[in-house]
Amino acid sequence: MTNRLDLVLRNELSELERLAAAVDEFIERYDLPPGLGFKFNLCFDELITNTVSYGYGDSGPHEIRVRLESDAVEMRAEVEDDAAAFDPFDEAPPPDLTSAVEDRRVGGLGVFLVKKTMDRAIYRREGDRNLVLLAKALA
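About the cut-offs
- In every chain, residue numbers begin from 1 and rise along the written sequence.
- Confidence filtering applies because this is a predicted model: local features only for residues at pLDDT of at least 70, side-chain atom pairs given and counted only at 80 or more, and all residues used for totals across whole chains, interfaces and linings.
- Hydrogens and water are ignored here; the side-chain numbers use all heavy atoms of the structure.
- Throughout, exposure labels follow a simple rule: accessible area from a 1.4 Å probe, protein chains only, divided by the maximum for the residue type, with under 20% read as buried, over 50% as exposed, and the rest as partly exposed.
- Only DSSP runs of H or I with at least four residues qualify as helices, and only runs of E with at least two residues qualify as strands; both kinds are numbered from the N terminus onward.
- Read the arc as the range of directions from the helix axis to the C-beta atoms.
- Any pair of residues with heavy atoms lying within 4.5 Å of one another is described as a contacting pair.
- Take the buried residues of types Ala, Val, Leu, Ile, Met, Phe, Trp, Tyr and Cys, join any two whose side-chain atoms come within 4.5 Å, and each joined set is a nonpolar core.
- Only Phe, Tyr and Trp rings are paired, with Trp represented by its six-membered ring, and only when their centres lie within 6.5 Å; those with planes under 30 degrees apart are stacked, over 60 edge-to-face, the remainder tilted.

Some words on helix α4 (residues 109-117)
When we look at burial in α4, the residues that qualify are Gly110, Val111, Val114 and Thr117. Viewed end-on, α4 has its buried residues packed into an arc of 130°, placing them on one side of the element. Tucked into the core, α4 has its buried residues touching α2 (35-54), α3 (88-91), β4 (120-126) and β5 (129-137).

A short note on the nonpolar core
Residues Leu19, Phe40, Phe44, Ile48, Leu68, Met75 and Leu134 are the most contacted members of the largest nonpolar core, which totals 32 residues. Of all the secondary structure elements, the ones that give two or more residues to this core are β1 (3-10), α1 (15-29), α2, β2 (63-70), β3 (74-81), α4 and β5. Among the elements that make up this core, the one with the highest residue count is α2 (seven residues). Excluding its chain neighbours within four sequence positions, the residues that come into contact with Leu68 are Asn3, Arg4, Leu5, Val23, Phe26, Phe40, Phe44, Met75, Arg76 and Ala77.

Some thoughts on the packing of aromatic side chains
Evaluated as defined, the whole model comprises two aromatic pairs. Look at Phe26 and Tyr30: their rings are 5.1 Å apart centre to centre, the planes differ by 65°, and that puts the pair in the edge-to-face class. Look at Phe40 and Phe44: their rings are 6.0 Å apart centre to centre, the planes differ by 50°, and that puts the pair in the tilted class. Of this pair, Phe40 and Phe44 both sit in helix α2, four residues apart, which is roughly one turn of the helix. Residues Phe40 and Phe44 agree in their burial class; the two are buried.

Worth remembering: the numbers are spatial, not functional.
Now the structure itself:
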């Protein structure tokens, strides 16, 4: 059996709170390991903040669709948007993990955390849509 959630967000950072609550409720409803909610919310926060902050060339309304599903093996998510084409896993600069914090350039750490947190983090472009696929094993 597969459990699903489909949520449409406005391209506003305030929507992250609604998303986090929906993820937590999804985890609880389907009795999934509680740590999954934190991990997915961390990744969503990073990816969607970047999309809202840097992905749109206008200030108009846009929709970001988040789909969650789980089965007996893993939890998967898909984040879909119509922002400018951008592969965060290939185009984001790698973080500097060796310099002192005050000497590091800004950027790259969030995407690094997404890749380290998830078992799979994949980007693809379909037409005018960015799709980011995330997966984490339940065990």
